[in-house]
Amino acid sequence: MKAARAAIEPAAGGEVAVVMTMGALHEGHATLIRTARERAEQVIVTIFLNPLQFGPKEDLSRYPRTFDADLALCRRQGVDLVFAPTPDVVYPDGDPGVRVSAGPLGDVLEGASRPGHFDGVLTVVAKLMHLTGGTAFYFGQKDAQQLLLIRRMVRDLDFPVRVVSVPTVREDDGLAMSSRNTYLSEADREVALCLSRALAAGAAAAAEGPSAVRRAARAVLVAEPLALVDYLVLVHPTTLKDVPEWYSGEALLAVAAKVGTTRLIDNRPMLLGPGGGPLEVFDGTGA
Ligand code: PAF
C-alpha cells in the first residue's frame, strides 16, 4: 500500500474506486472499502479532516484522530493507496473563494442545524474527486442527505463519475456506526440506542402508511427523555419533503438527536403502503 500527501498520478485504466473519509475509521468504512475492492482494479482511501464543513461551534478540534490505526485498517482491507493531504494541499490559498453551493436541499434537516455544512462537504468532495482521478465513489447511506447532495452535484454539474451507495453498518444492538460514537459514555450509548430503535419501530409499521410510521417512531423517542431530538422526519428520498398521509412508495425516516454532548444522526429507507417494509438502500448500483 502506498501513501500520498500530494496530488495523485492518474491510474493507467480500469475502475478506480475511492472511499472518502475524515479518518477515525471503523467497520462502516471497512465495509465501504470491501465493497469497492470487490468491484474495482484500484482502491484509494482519502483521509482528510475537512475544516470547511465544520461550523465555528462544532467539534473540529476534538474530532477523533487515529491516523496509525486508520493506515493499519486500510492495509488489512487491501487498499492500494491512501491519500492523506494536509490542508495546504487541498486549500493552497486558504479558504477557497469559490465553493460548491448545495442549494435548497442543503438548507433542510442537517443543513438547518449546521448552516454551510453541505457547501463545505460538496466543495471538498468535488476537489477530492479531481485530486484522486477516481471513476467510482463509495458513500454510506448513514449520511443520507450528504449522499443525496453528492448525487445531485454529480448529475447537476456533469461530473464524469459514478456514485455508489452502501447500506449503513450497525453494531449488534442496532447503533449505526459512526466516528462520533467514540464520544459516547457507556450511559450515553444506552440512550443513543433509542435512535435506531425508533427507526426500526417506524419501519415495522411501513405497510400501514406514514401516520403509523411517524407514531411508532415518535413513541420510542418520547420514552427516552435523555435524547434531545432535533428532528424526526418521514420524507421523500430525493426531495427531502415530508411525505403526505396518503403517500405510498419509497421514503426515508430520518432522525437527529443530541445525546450527552454528541449529536447523532441515523435513518432508515423504507417502502410505504400495502406490501411495504424496510429497504436496504434506494439504489446500490449508483447514478
Ligand atoms: O462523510 C464524511 O466523512 C465526510 O463528509 C466526507 C464525505 C469525507 C467529506 O469530508
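What you see is a predicted model, and the numbers here were worked out from it, not measured in a lab.

Procedures and definitions
Residues numbered from 1 in each chain as written. Predicted model: local features only at pLDDT ≥ 70, side-chain atom pairs only at ≥ 80, totals over all residues. Heavy atoms only, no water. Axes fitted to C-alpha atoms, helices over the stretch in contact; angles between N-to-C directions. Helix = DSSP H or I, 4+ residues; strand = E, 2+ residues; numbered from the N terminus. Parallel < 35°, antiparallel > 145°, perpendicular 65-115°, else oblique. Left-handed = near helix turned anticlockwise from the far one by under 90°. Contact = heavy atoms within 4.5 Å. Nonpolar A, V, L, I, M, F, W, Y, C, P; charged D, E, K, R; others polar. Phe/Tyr/Trp six-rings, centres within 6.5 Å; stacked < 30°, edge-to-face > 60°. Lys NZ or Arg CZ within 6 Å of the ring centre and 35° of its normal. Near = heavy atom within 4 Å. Polar contact = N/O pair within 3.5 Å; in protein donor to acceptor, adjacent residues only side chain to side chain. Buried < 20%, exposed > 50% of the residue type's maximum accessible area, 1.4 Å probe, protein only. Pairing = 2+ DSSP bridges. Core = buried A, V, L, I, M, F, W, Y, C linked by side-chain atoms within 4.5 Å.

*Asks:* Report on the packing of helix α5 (residues 117–132) against helix α6 (residues 144–156), specifying residues and quantitative values.
*Replies:* Where α5 contacts α6, the axes come no closer than 10 Å and their chain directions differ by 55°. Regarding the angle of α5 to α6, the classification is oblique. Here α5 and α6 pass one another in a crossing that is right-handed. Contacts between α5 and α6 involve Phe118, Val121, Leu122, Val125, Ala126 and Met129 from the first element and Gln145, Gln146, Leu149, Ile150, Met153 and Val154 from the second. Split by residue class, the contact of α5 with α6 holds ten nonpolar, two polar and no charged.

*Asks:* Report on the packing of aromatic side chains, specifying residues and quantitative values.
*Replies:* On inspection of all chains with the given rule, the structure shows two aromatic pairs. Of note, Arg62 hangs over the ring of Tyr183, and the distance from its end group to the ring centre comes to 3.9 Å.

*Asks:* How would you summarise the site of the ligand if you had to cite specific residues and measurements?
*Replies:* For the ligand, the full set of nearby residues is Met20, Thr21, Met22, Asn50, Gln53, Val124, Phe139, Asp143 and Gln146. In the model, an oxygen atom of the ligand is placed 2.6 Å from a nitrogen or oxygen of the Gln53 side chain. Side-chain polar atom of Gln146 to an oxygen atom of the ligand: 2.7 Å apart, as the coordinates give it. Across the shell around the ligand, the residue classes break down as four nonpolar, four polar and one charged.

*Asks:* Go over unusual backbone geometry with me, naming the residues and quoting the values.
*Replies:* For Ala24, which is not a glycine, the phi torsion comes out positive at approximately 50°. Structurally, the position occupied by Ala24 is in the loop between β2 (16–21) and α1 (27–39). A residue is classified by how much of its surface remains accessible, and Ala24, at 8% relative accessible area, is buried. At Leu240, a position not held by glycine, the phi torsion is positive, near 60°. As for its position among the elements, Leu240 is in the loop between β7 (227–235) and β8 (249–259).

*Asks:* Any details on the sheet that holds β8? Residues and values, ideally.
*Replies:* Taken in spatial order, the four strands of this open sheet run β7-β8-β9-β10, and their pairing is antiparallel. Single-partner strands in this sheet number two, and they are β7 and β10 (277–278). The sheet contact formed by strand β9 (residues 262–272) and β10 spans two bridges and is antiparallel. The residue of β10 that forms the bridge with Leu271 is Gly277. The sheet contacts of helix α8 (residues 210–222) involve β7, β8 and β9, and relative to β7 the element is tilted by about 170°.

*Asks:* Can you tell me about the side chain of Thr123, naming the residues and giving the values?
*Replies:* Assignment of secondary structure puts Thr123 in helix α5. Judged by relative accessible area, which is 4%, Thr123 ranks as buried. Residues in contact with Thr123, not counting those within four places in the same chain, are Leu52, Pro96, Arg99 and Val100.

*Asks:* Describe the sheet that holds β2, and please don't skip the residues or the numbers.
*Replies:* The six strands are arranged β1-β4-β3-β2-β5-β6 in an open sheet whose pairing can be described as parallel. The open sheet is flanked by β1 (2–4) and β6 (162–166), the only strands paired with a single partner. Taking the axes of each pair of neighbouring strands and ignoring which way they run, one obtains an average angle of 25° across the sheet. By the bridge criterion, three bridges tie strand β3 (residues 42–47) to strand β4 (residues 81–83) in an arrangement that is parallel. The partner of Ile44 across the bridge, within β4, is Leu81. The strands that α5 touches are β2, β3, β4 and β5 (136–140); relative to β2, the one it contacts most, it runs at about 145°.

*Asks:* Outline the nonpolar core, listing residues and values.
*Replies:* Of all hydrophobic cores here, the largest spans 43 residues; its most connected members are Met20, Val125, Met129, Phe139, Ile150 and Met153. At the level of secondary structure, the elements contributing two or more residues to this core comprise β2, β4, α5, β5, α6, β7 and β8. For this core, the element with the highest residue contribution is α5, accounting for eight residues. Phe139 has contacts with Met20, Leu32, Val125, Gln146, Leu147, Ile150, Val163, Val164, Ser165 and Val166, leaving out every residue within four places of it along the chain. With 28 residues, the next largest nonpolar core counts Ala192, Ala205, Ala217 and Val259 among its residues.

*Asks:* Quick rundown of the side chain of Glu110? Include the residues and the values.
*Replies:* Structurally, the position occupied by Glu110 is in helix α4 (residues 110–113). A residue is classified by how much of its surface remains accessible, and Glu110, at 6% relative accessible area, is buried. Polar contacts involving the side chain of Glu110 include one to the side chain of Tyr231, which spans 2.6 Å. Not counting residues up to four positions away in its chain, the partners in contact with Glu110 are Phe118, Gln145, Tyr231, Ala256, Arg263 and Ile265.

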